[in-house]
Amino acid sequence: MTLKAEEILNILKNSLGDALIEQEIKTYSLGALRKRECSEVWIKIDRGAFRKAVEEIFKLDYPHLHFITGEDVGENLEVIYSFGLFHGQPGKEISVMIKLALPKNELVLPTITDLMIGAETNEREIREMLGVEFEGLKKKRHLFLPDDWPEGKYPWRRDEFGVDDMIKHTHKSVKEIRGGKE
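Residues numbered from 1 in each chain as written. Predicted model: local features only at pLDDT ≥ 70, side-chain atom pairs only at ≥ 80, totals over all residues. Heavy atoms only, no water.

(A) The arrangement of helix α3 (residues 119–130) in detail. The end-to-end C-alpha distance of α3 is 16 Å, a good match for the 16 Å that 12 residues give at a rise of 1.5 Å each. In terms of burial, α3 is largely enclosed, as 11 of its 12 residues are buried. Residues Ala 119, Glu 120, Asn 122, Glu 123, Arg 124, Glu 125, Ile 126, Arg 127, Glu 128, Met 129 and Leu 130 constitute the buried set of α3. Its buried side turned inward, α3 meets β3 (64–72), β4 (76–85), β6 (108–110) and β7 (133–135). Directly beyond the C-terminal end of α3, a positive phi value near 90 degrees is found at Gly 131. (Helix = DSSP H or I, 4+ residues; strand = E, 2+ residues; numbered from the N terminus. Expected span 1.5 Å × (residues − 1). Buried < 20%, exposed > 50% of the residue type's maximum accessible area, 1.4 Å probe, protein only. Contact = heavy atoms within 4.5 Å.)

Shown next as structure tokens:
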């Protein structure tokens, strides 16, 4: 059973109540020869309702995780999760975007890897690039930065001042970085 964007938004509204801060449905057309309409449900939520929002999405359909991303917007980091519902049904997929603000002094979210193991790579990337800790995330080793990257330095943060550390490995080969071992 597939649902329309409006129905998904109503389910999330009823479930999240006052924790739903903002909401919007975006609709756009795709395709040149065979045009089709696509919908996105955007919600901004209180961080305390994050796990509940994700669980509600899982009740509707096993989602496809498009991405997890984040941005430093000053005093907070803004984190966005993008899920696709009904992705196995051509022309009926609806994207659900969950946006939330995390204060820089409380950069903690629960992992969703117990629901979707594929979220691990995205969570690890956000952890190493922005400094968000995911409670329950088992593997925390770096994906993109060298293993000896300085603790507490996050390349995607606007308040990051450790430029010398960040460019330390820019012109080295993998062999040099690993001390002669490939």
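Having seen the model, we can carry on.
(B) Representation of the sheet that holds strand β2 (residues 36–45) within the structure. Taken together, the five strands give an open sheet; going across it, the order is β1-β2-β5-β4-β3, and neighbouring strands pair in mixed fashion. Where the open sheet ends on each side, the last strands, each with one partner, are β1 (20–30) and β3. Averaged over all neighbouring strand pairs, the angle between strand axes comes to 15 degrees, with direction disregarded. When β3 meets β4, the two strands line up antiparallel, connected through eight bridges. Residue Thr 69 lies in a different strand from β4, and its bridge partner there is Ile 80. Of the strands in this sheet, β1, β2, β4 and β5 (94–103) are in contact with helix α1 (residues 5–16), which crosses β2 at around 10 degrees. Sheet contacts for α3: β3 and β4; angle to β3, the most-contacted strand, approximately 5 degrees. (Pairing = 2+ DSSP bridges. Axes fitted to C-alpha atoms, helices over the stretch in contact; angles between N-to-C directions.)

(C) Representation of the pattern of salt bridges. Within the structure shown, the criterion is met by 10 salt bridges. For Glu 55, the salt bridge is made with Arg 51, and the minimal N-O distance between the two is 2.9 Å. Of this pair, Glu 55 and Arg 51 both sit in helix α2 (residues 50–60), four residues apart, roughly one helical turn. The class for Glu 55 is partly exposed, based on a relative accessible area of 35%. Among the residues examined, Arg 51 registers a relative accessible area of 21% and is labelled partly exposed. Residues participating in the shared-partner salt-bridge network are Arg 51, Glu 55 and Asp 114. (Salt bridge = Lys/Arg side-chain N within 4 Å of Asp/Glu carboxyl O.)

(D) Representation of the packing of α1 against α2 in the model. Viewed as axis vectors pointing N to C, α1 and α2 meet at an angle of 140 degrees, and their least axial separation amounts to 10 Å. One element, α1, and the other, α2, form an angle in the oblique class. In this structure, α1 crosses over α2, and the sense of that crossing is right-handed. Residues Ile 8, Ile 11, Leu 12, Ser 15 and Leu 16 of α1 form the contact with α2, whose participating residues are Lys 52, Ala 53, Glu 56, Ile 57 and Leu 60. Its residues assigned to classes, the contact of α1 with α2 comprises seven nonpolar, one polar and two charged. (Parallel < 35°, antiparallel > 145°, perpendicular 65-115°, else oblique. Left-handed = near helix turned anticlockwise from the far one by under 90°. Nonpolar A, V, L, I, M, F, W, Y, C, P; charged D, E, K, R; others polar.)

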